[in-house]
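Architecture and fold: a report
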Amino acid sequence: MSRKVAFYGIFAALAILMGYVEAMVQMPIPVPGIKLGLANVIVVIAMYFMGNKAAIGINVIRVLISALLFNGFSGFLYSLSGAAASFIVMVLAKKIKSSGIIGVSVLGGVTHNIAQIGVAAAVLNTPGLMYYVPVLLVAGVVTGVIIGIVAKYCLRHIEKAGLKA
């Protein structure tokens with residue numbers, strides 16, 4: 001049990017740290033709002049290493065603490081909507097063995113972006129934001145592939161090290 005608690009703490013801290021690093025580093029893309037989603041590497045790894053229940057706990061902790069430290073309430077709304085929608089889709093996609101970790105990550109990235117733009121359009125009462133969806137779909141696919149590859153690589157090393165959750 002204490003081993004699991006230690007892994008929860010390490011993964012949650014890493015997810016928060018990755019979110020912080022991402023907030024500090026500007027993306028070299030001139031499109032506002034597009035991020036790599038570094039914290040999602042940790043969530044995807046947690047899904048495959050520790051299971052869905054652990055990953056959702058880590059994801060919720062990450063969203064709450066990141067909102068308190070960096071984003072404020074509006075950032076919390078956008079982050080929570082994206083995190084919740086993408087997590088549900090990733091859990092469902094993970095059940096389809098042929099999707100693989102990269103496919104799961106891509107679906108999560110795309111869903112995250114769609115959920116956030118939907119919440120932004122509703123909160124700001126600006127349906128014109130929906131014109132931004134094609135750009136976000138492409139960004140979700142690209143970042144999802146990157147996150148999936150990194151998570152797959154990390155999981156391979158976790159397995160080689162013989163670690164168990």
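Basis of the calculations
- Residues numbered from 1 in each chain as written.
- Predicted model: local features only at pLDDT ≥ 70, side-chain atom pairs only at ≥ 80, totals over all residues.
- Heavy atoms only, no water.
- Helix = DSSP H or I, 4+ residues; strand = E, 2+ residues; numbered from the N terminus.
- Rg over C-alpha atoms; globule rule 2.2 N^0.38 Å.
- Buried < 20%, exposed > 50% of the residue type's maximum accessible area, 1.4 Å probe, protein only.
- Contact = heavy atoms within 4.5 Å.
- Areas by Shrake-Rupley, 256 points an atom, 1.4 Å probe, with all protein chains shown as cover.
- 1 Å grid on protein atoms, 1.4 Å probe; cavity = no way out; pocket = protein on both sides within 12 Å on 5 of 7 lines; lining within 4 Å.
- Points joined across faces, edges and corners; volume = space filled by probe spheres on them.
- Nonpolar A, V, L, I, M, F, W, Y, C, P; charged D, E, K, R; others polar.
- Core = buried A, V, L, I, M, F, W, Y, C linked by side-chain atoms within 4.5 Å.
- Polar contact = N/O pair within 3.5 Å; in protein donor to acceptor, adjacent residues only side chain to side chain.
- Axes fitted to C-alpha atoms, helices over the stretch in contact; angles between N-to-C directions.
- Left-handed = near helix turned anticlockwise from the far one by under 90°.
- Phe/Tyr/Trp six-rings, centres within 6.5 Å; stacked < 30°, edge-to-face > 60°.

On to the overall build of the chain, then. Within the chain one finds 5 helices and 0 strands. Element order for the chain, N to C, with α for helix and β for strand: α-α-α-α-α. In summary, the chain has a C-alpha radius of gyration of 15 Å against a globular reference of 15 Å for 165 residues, a match within 12%. Projected onto the principal axes, the alpha-carbon positions of the chain cover approximately 50 × 35 × 30 Å. A burial count over the chain gives 38% of its 165 residues as buried. Residue pairs in contact within the chain that sit at least 24 positions apart in sequence constitute 71% of those at least 6 positions apart. Looking at the chain as shown, the accessible area adds up to about 9200 Å², and 73% of this sits on carbon and sulfur atoms.

As a further point, take the layout of surface pockets. Approximately 920 Å³ is the volume attributed to the largest pocket. Secondary structure elements with two or more residues in the lining of the largest pocket: helix 1 (2-24), helix 2 (38-49), helix 3 (52-94), helix 4 (100-123) and helix 5 (133-161). By residue number, the principal contributor to the lining of the largest pocket is helix 3, which donates 10 residues. When grouped by side-chain class, the residues that make up the lining of the largest pocket number 19 nonpolar, 17 polar and 3 charged.

The next subject is the nonpolar core. Membership of the largest hydrophobic core comes to 26 residues, with the highest contact counts inside it found for Phe11, Ile45, Phe49, Met50, Phe87 and Met90. For this core, the elements supplying multiple residues, two or more each, are helix 1, helix 2, helix 3, helix 4 and helix 5. Sorting elements by how many residues they give to this core places helix 2 first, with 9 residues. Discounting residues that sit within four places of it in the chain, Phe11 has contacts with Ile42, Ile45, Ala46, Phe49, Met50 and Ile58.

This part is about the side chain of Ser66. Note that Ser66 resides in helix 3. Relative accessible area serves as the criterion here: at 7%, Ser66 is assigned to the buried category. A distance of 2.8 Å separates the side chain of Ser66 from the backbone oxygen of Arg62, its partner in a polar contact. When near neighbours in sequence (up to four residues on either side) are disregarded, Ser66 contacts Ile16 and Asn71.

Moving on, we get to the packing of helix 4 against helix 5. Packing of helix 4 against helix 5 leaves a shortest axis separation of 7 Å and a crossing angle of 145°. For the pair helix 4 and helix 5, the sense of crossing is right-handed. Across the contact of helix 4 with helix 5, the residue classes tally to 16 nonpolar, 6 polar and 1 charged.

Counting across every chain of the model gives 4 aromatic pairs. Taking the centre distance of 5.9 Å and the plane angle of 5° together, the rings of Phe11 and Phe49 count as stacked. Here the residue Phe11 occupies a position in helix 1, and Phe49 occupies one in helix 2, the gap between them amounting to 38 residues. Exposure class is identical for Phe11 and Phe49. Each is buried.

Geometric values such as these leave the question of function open.
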